[in-house]
Amino acid sequence: MLVKNYYEDPKTLHVGTMEDRAYYIPYPDGNAAIPGDRNTSCRFQLLNGQWSFKYFNSIYDLTEEFYLPDFDHTRFDSIPVPSVWQNHGYDRHQYTNVKYPFPFDPPYVPVENPCGAYVRQFEIAAGNEDMKKYINFEGVDSCYYLWINGVFVGYSQVSHSTSEFDITDFVREGTNTIAVLVLKWCDGSYLEDQDKFRTSGIFRDVYILYRPQEHIRDFFVKTALSDNYKKADITVELEYLDGKPVPADYVLLAADARTELERGAVQEGNFCINLENPQLWNAEQPNLYTLVLNTAREAIAIKVGIREIKIIDGVVYLNGEKIKFRGVNRHDSNPVTGPAVTVEDMLKDLTLMKQHNINAIRTSHYPNAPVFTEFCDKYGFYVIAEADIETHGTTTIFGGGQDGKAFPMLAHDPDYEASILDRVKKNVIRDKNHACVVIWSLGNESGFGRNFESALRWIKGYDTSRLTHYESAHYTPEGYKCDFSNLDLFSCMYASIEYIKKYFEEVRGDKPFIQCEYIHAMGNGPGDIEDYHDLIQKYDGFCGGFVWEWCDHAVYMGRTEDGREKYYYGGDFGEFPHDGNFCMDGLVYPDRRIHTGLLEYKNVIRPLRLVKENPKEGKFTFRNMLDFVNTGDYLYVSYSVARNGEVIARGIIEDESILNIKPHEEKVIYLTFDQPIEGDCYIKFDYHQKNDLALTKRGHLLGFDQVKAAVDRIGLKEDRIKSLLGEYDSPKGEMSFSETDRYIFVSGVNFKYTYNKLTGAFERMVYDNNVLLEKPMNYNIWRAPTDNDRNVRGKWEECGYDRAFSRAYATQVSMEDSNIRIITELSVTAVHIQRILDISTEWNIAGDGAISVNMQVEKNMETPYLPRFGLRLFLPQEINKVEYFGFGPYESYADKRRASYIDRFTARVDNLHEDYIKPQENGSHWGCHYVKVSSDSGLGLLVLDDEPFGFNASYYTQEELTSKLHNFELEKSGSTVLCLDYAQSGIGSNSCGPELIEKYRLNAQRFHTTMLLKPFVRSE
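Let us look at the structure shown here. (Residues numbered from 1 in each chain as written. Predicted model: local features only at pLDDT ≥ 70, side-chain atom pairs only at ≥ 80, totals over all residues. Heavy atoms only, no water.)

1. Quick word on the overall build of the protein
Next up, step 1: A count of helices and strands for the protein gives 12 helices and 59 strands.
Next up, step 2: Taking 31 Å as the expected radius of gyration for a compact globule of 1020 residues, we find that the protein reaches 32 Å, a close match to that expectation.
Next up, step 3: Expressed along its principal axes, the backbone C-alpha trace of the protein runs to roughly 105 × 70 × 60 Å.
Next up, step 4: Buried residues in the protein amount to 63% of all 1020 residues.
Next up, step 5: Considering only contacts within the protein whose residues lie at least 6 apart along the sequence, 72% involve residues at least 24 apart.
Next up, step 6: Counting every atom, the protein has about 38000 Å² of accessible surface; 46% of that belongs to carbon and sulfur.
Next up, step 7: When the 110 basic and 151 acidic side-chain charges of the protein are each reduced to a single mean position, those positions are 3 Å apart. (Helix = DSSP H or I, 4+ residues; strand = E, 2+ residues; numbered from the N terminus. Rg over C-alpha atoms; globule rule 2.2 N^0.38 Å. Buried < 20%, exposed > 50% of the residue type's maximum accessible area, 1.4 Å probe, protein only. Contact = heavy atoms within 4.5 Å. Areas by Shrake-Rupley, 256 points an atom, 1.4 Å probe, with all protein chains shown as cover. Lys, Arg positive; Asp, Glu negative; His and termini not counted. Charge placed at Lys NZ, Arg CZ, Asp CG, Glu CD.)

2. Comments concerning the pattern of salt bridges
Next up, step 1: Under the definition given, this model contains 56 salt bridges.
Next up, step 2: We note a salt bridge from D388 to R423, for which the minimum N-O separation is 4.0 Å. Of the two residues, D388 sits in the loop between β28 (382-386) and α4 (417-431) while R423 sits in helix α4, which places them 35 residues apart along the sequence. Summarising the burial analysis for this pair, D388 and R423 share the class buried. (Salt bridge = Lys/Arg side-chain N within 4 Å of Asp/Glu carboxyl O.)

3. Re the sheet that holds strand β23 (residues 309-312)
Next up, step 1: Within the open sheet, the three strands sit side by side as β23-β24-β25. Their pairing is antiparallel. At either margin of the open sheet sits one strand with a lone partner, and together these are β23 and β25 (321-322).
Next up, step 2: In this sheet, strand β24 (residues 315-318) lies alongside β23 in antiparallel orientation, the contact comprising four bridges. Within the sheet, the bridge partner assigned to I309 lies in β24 and is L318. (Pairing = 2+ DSSP bridges.)

4. Side note on the sheet that holds strand β31 (residues 490-493)
Next up, step 1: Taking strand neighbours across the sheet as the criterion, the eight strands line up as β30-β29-β28-β27-β26-β33-β32-β31 in an open arrangement whose pairing is parallel. What marks the edges here is a single partner per strand, and that holds for β30 (467-469) and β31. Recorded for the sheet is a direction-independent mean angle of 25 degrees between the axes of neighbouring strands.
Next up, step 2: Where strand β29 (residues 437-441) lies against β30, three bridges are found, and the strand directions are parallel. When the bridges of β30 are listed, S441 appears paired with H469.
Next up, step 3: The sheet strands contacting helix α8 (residues 596-604) are β26 (325-329), β32 (513-518) and β33 (542-547), and the helix crosses β26 at an angle near 165 degrees. (Axes fitted to C-alpha atoms, helices over the stretch in contact; angles between N-to-C directions.)

5. A short note on the environment of P526
Next up, step 1: With respect to the helices, strands and loops of the structure, P526 is situated in the loop between β32 and α7 (529-538).
Next up, step 2: Take P526: its relative accessible area is 1%, and that puts it in the buried class.
Next up, step 3: When the C-alpha positions of P526 and A179 are compared, they lie 47 Å apart, and in sequence the two are 347 residues distant.
Next up, step 4: If we ignore the near neighbours within four places in the chain, the residues touching P526 are I519, H520, A521, L587, G597, K896, I987, G988 and S989.

6. Quick look at the nonpolar core
Next up, step 1: Counting residues in each nonpolar core, the largest one holds 212 residues, and the members touching the most others are F66, L181, F325, F685, F869 and F951.
Next up, step 2: Among the nonpolar cores identified, the runner-up in size contains 29 residues, and I79, Y90, F165 and I202 belong to it. (Core = buried A, V, L, I, M, F, W, Y, C linked by side-chain atoms within 4.5 Å.)

7. Focus: the side chain of D787
Next up, step 1: Following the sequence through the fold, D787 ends up in the loop between β48 (775-780) and α11 (793-798).
Next up, step 2: R790 provides the closest opposite charge to the buried, salt-bridge-free D787, at an N-O distance of 4.3 Å.
Next up, step 3: Contact partners of D787, with chain neighbours within four places excluded, come to M522, G523, N581, K918, Q920 and S991.

8. Observations concerning helix α2 (residues 343-355)
Next up, step 1: The terminal C-alpha atoms of α2 lie 18 Å apart, and with 13 residues this matches the ideal 18 Å at 1.5 Å per residue to within 8%.
Next up, step 2: Among all positions of α2, only D345, M346, D349, L350, T351, L352 and M353 are buried.
Next up, step 3: The inward-facing, buried residues of α2 abut β26, β27 (360-362) and α3 (370-379).
Next up, step 4: Downstream of α2 by one or two residues, N357 has phi in the positive range, about 70 degrees. (Expected span 1.5 Å × (residues − 1).)

9. Details of the environment of L1013
Next up, step 1: Topologically, L1013 is positioned in strand β59 (residues 1006-1017).
Next up, step 2: Here L1013 falls in the buried class, since its relative accessible area comes to 0%.
Next up, step 3: The spacing of L1013 and E549 is 464 residues in sequence and 42 Å in space, taken between C-alpha atoms.

10. Remarks on the packing of α2 against α3
Next up, step 1: Running from N to C, α2 and α3 cross one another at 35 degrees; their axes reach a closest spacing of 11 Å. With respect to the hand of their crossing, α2 and α3 are arranged in right-handed fashion. On the side of α2, the interface is formed by V343, M346, L347, L350 and K354, while α3 contributes V371, F372, F375, C376 and Y379.
Next up, step 2: In terms of residue class, the contact of α2 with α3 is made up of nine nonpolar, no polar and one charged. (Left-handed = near helix turned anticlockwise from the far one by under 90°. Nonpolar A, V, L, I, M, F, W, Y, C, P; charged D, E, K, R; others polar.)

11. Observations concerning the packing of aromatic side chains
Next up, step 1: According to the stated counting rule, one finds 76 aromatic pairs in the structure shown.
Next up, step 2: Where Y499 meets F513, the ring centres are 6.5 Å apart and the plane angle is 50 degrees; that geometry is what we call tilted. Note that Y499 is positioned in helix α6 (residues 497-507) and F513 in strand β32, a separation of 14 residues in sequence.
Next up, step 3: Judged by its relative accessible area of 36%, Y499 is partly exposed.
Next up, step 4: You can call F513 buried: its relative accessible area is 0%.
Next up, step 5: Summarising the aromatic geometry, the rings of F620 and F685 are spaced 5.1 Å apart at their centres and angled 65 degrees between planes, so their arrangement reads as edge-to-face. One end of the pair, F620, is in strand β37 (residues 619-624); the other, F685, is in strand β41 (residues 681-689), with 65 residues separating them in the sequence.
Next up, step 6: Taken together through their ring pairs, the aromatic side chains of Y6, F66, Y67, Y145, W147, F152 and Y155 make up a single cluster.
Next up, step 7: Above the face of the F220 ring, K222 is positioned so that its terminal group lies 4.7 Å from the ring centre. (Phe/Tyr/Trp six-rings, centres within 6.5 Å; stacked < 30°, edge-to-face > 60°. Lys NZ or Arg CZ within 6 Å of the ring centre and 35° of its normal.)

12. Structural notes on the packing of α7 against α8
Next up, step 1: Running from amino to carboxyl end, α7 crosses α8 at an angle of 25 degrees, the nearest separation of the two axes being 10 Å. Taken as axis vectors, α7 and α8 run roughly parallel relative to one another. Two packed elements cross with a definite hand, and for α7 against α8 that hand is right-handed. Taking contact as the criterion, the partners of I529, E530 and H533 in α7 are, on α8, G597, E600, Y601 and V604.
Next up, step 2: Split by residue class, the contact of α7 with α8 holds three nonpolar, two polar and two charged. (Parallel < 35°, antiparallel > 145°, perpendicular 65-115°, else oblique.)

13. So, unusual backbone geometry
Next up, step 1: Following P106, the chain continues to P107 via a peptide bond in cis, the omega torsion being 5 degrees.
Next up, step 2: With omega at 5 degrees, the peptide bond leading from D141 into S142 counts as cis.
Next up, step 3: Within the fold, S142 resides in the loop between β8 (140-141) and β9 (143-148).
Next up, step 4: For N277, which is not a glycine, the phi torsion comes out positive at approximately 50 degrees.
Next up, step 5: Tracing the sequence through the fold places N277 in the loop between β20 (270-276) and β21 (289-295).

14. Some details on helix α5 (residues 450-462)
Next up, step 1: Between its first and last C-alpha atoms α5 spans 18 Å; for 13 residues at 1.5 Å apiece the expected length is 18 Å, and the two agree.
Next up, step 2: Along α5, the residues that are buried comprise N451, F452, E453, S454, A455, L456, W458 and I459.
Next up, step 3: Tucked inside the fold, the buried residues of α5 contact α4, β29 and β30.

15. Some remarks on the side chain of E192
Next up, step 1: You can see E192 is positioned in the loop between β12 (174-183) and β13 (196-197).
Next up, step 2: Beyond its immediate sequence surroundings of up to four residues, E192 is in contact with D141, V158, S159, R198, D388, E390 and R423.

16. Observations regarding the environment of G154
Next up, step 1: If you trace the backbone, G154 turns up in strand β10 (residues 151-157).
Next up, step 2: Overall, the relative accessible area of 0% leaves G154 in the buried class.
Next up, step 3: Along the sequence, G154 and E164 sit 10 residues apart, while their C-alpha atoms lie 9.9 Å from each other.
Next up, step 4: Those residues in contact with G154 that sit more than four places away from it in its chain are V15, Y144, Y145, L146 and F165.

17. A look at a nonpolar patch on the surface
Next up, step 1: A cluster of nonpolar residues, M1, Y60 and V111, forms a patch on the protein surface that exposes about 310 Å² of accessible area.
Next up, step 2: The residue Y60 is located in the loop between β3 (49-56) and β4 (77-81) in this model.
Next up, step 3: In this structure Y60 comes out as partly exposed when scored by relative accessible area, which is 43%. (Patch = residues over 30% accessible without salt bridge, like charges linked within 9 Å, V, L, I, M, F, W, Y side chains within 5 Å.)

So, in structure tokens, the structure goes:
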């Protein structure tokens, strides 16, 4: 090999690198430093761009000294930096969640270790002869060797952390050559087993810094508050290059970055600034001071947020106030560039988060680019800053598991102590000056042991201003008594509701409870956000949670011939091992289109909540859900009163005195409006942002509440039909029926129906000479499994729910009071399975063609809970319009409906489909009073019930959605498939979280439902 085998030596983590330091960029003077745009600094030289590149399947295939300046690189390709080579046709993509993509043989990696050789030239301008030059790599996966002008400079690993090299003695004025050899795997890869696509290359910025021969090397800004937060001390500890002090002074500027608050000289390497009535930093009010450090030839500017986070009696306080983390986990991810995300990508994520009320981010499971942390300071996000550590793969080796033997294997291995400590230090030291970082996390899912104990001791000795977190402390080595004294939070993933209640009511743990991952947002989900929110509010010690996760991970693969976008996930590249679509688990799609789950989360964590209401008295009690900002300063309220979907009154509340609600407090607000006395009446309160903010604008909708004002839905079905269809031509007349052993034929003035006595359902419906039912109606218990059904799905399929059919035993038909009545006893079953349901149905056909049905259902309680129960109808595809009164406009379910509200909605069938990348149940609407479907020519069907029901209208069958792996593979059925549901089981978050909560399961032993189906034809 051309290089020393550092990449399999845990004792050699870095060669030739500088000591870790806080992130900052030097400028020539204070005026240049204050704006904070590093691209304007003459001391900053970005080396991003096109580099010459050569890929090798194995490091043993690299036999030529490509790093020499006179080497002929004409045979090399070209690749952009930053990027990962898998996105440019080299190697292949691989997604794995837990399993290592190579044999478990630490510290060794495969001998056929792919690598990439990078080369480019750069200029050192004249006039910099007396300056020191440092090259910084902010992210390289997994390790790399560095040469300047053919001379070896050093080696480094830790993919998501900055490494800095002093190249002063290696460069010259004019043209220089830089060469980098990046390896796909190294011994550090055992510590980088994160749930993501595994990619390789220089994926973050590369740049040179020019600095005086003597300069400030590092500094630590610490803040302390006293006198009930009316006084603040800003202490700055400086460290100089080679320990040689440099004359320096400082300037502290107010939040406007112009008003000078204090100026002074640095004495003996540190100084302290005392402030009266400081403006404190929090996520709702991200107040930042600007501190400028000046030496004779250099200035460094840093934003300073003054805040205090601590635990009192098991409760987390920020600046003396109880706080809640309404957070998300975020990976660096872009469907085109992978982990090589741009500033624009970061700002898009942060903007979307602000728009959806998110206030906290866990950097799963590694440090983000340093500029991202700066943005979190600026725009206001609490950050759990996580070290670049995960060894989850130890649990999947032969005989392994989430136990005290396999899980802590590397956490307790002395050979990996230095590496783990190195990664924790890099995380802490780089971001130590950022107010947004309130919690240090040791990493993710790596078990616990002496190595993490050492890391915790180091953190507490280095920085006492933040809390410490590590969820994997649950998994301790066998026979070893661990020290948890330096761990501040009790962290848990995907805890059930019962587990959380037990922690607070029985265990009575003395540490705050935090869910670093919860409500798994995979596919159609999550579905139980409100239930967890209730507990977060109930227990002061429950400081919040972080949704897994922010975005779907996928690789954009262009478009199909008919223009549909193609996204690939695990397994689509022929890789082994892989974890399928488990990377598709975000609140937004890969291109940042919004999932309905994000809308659900947004409204659950809305900043204002209606907690009590008395519409008759116009009395409404609101609670300010914010931690620091008064409601009157943040938002205004608009409201509307609607009857049967028509707005009959509107109003707006902007008066700050009326909306004067302090954080965490409640207030009664009185409204005057004409009380509706009939109809389906609801009052909806919309909460709008009051002022323009950095990432969101005035008027932005922050959330809403809706309450019943009056509900009067019960009445004669004929009157309800007339009110919904108007004056329609639906003649009544005499009916007749005939029957055979198989069928009952029903005829009226303008309809003909065929009822199958062997299935207990209608097989054909013709109304006004229009075919209304294109395929036989069926009793429906199956839904295309959602990602959150992935665990229960096996039981459902074992029990035949996906292939169930009805079998009638006895049918009676008679004429009763001018109606034709059909009574059938039937069951729902599947091949080689006992009965699933026993059903007694009574169908009544009226002279105008209306069909009412009453179903008495008894479930076999030996079978698992049902996905759904109802009827499925195949209508002509020309029936493409839908009107409904229920929860909309977004898909809604029993436990996933907070993004929706009750109203009358209209939509086209194709717009009701939520196009999840992995097809699954979608687009249903819960709590409906009626649904009306129709064609442009006026043929339609009205369905209503005395009790709310659910429906789904789609061009795709549940069988199609079940069988296809990608949305771009879906084929329309040729019909409009209308599912009419008595109920569906909830969505939950069991793709990774706990089982679906009992109250959301369709598992009653007995239930009954009624429904009326009225065909119609009318001119539009």
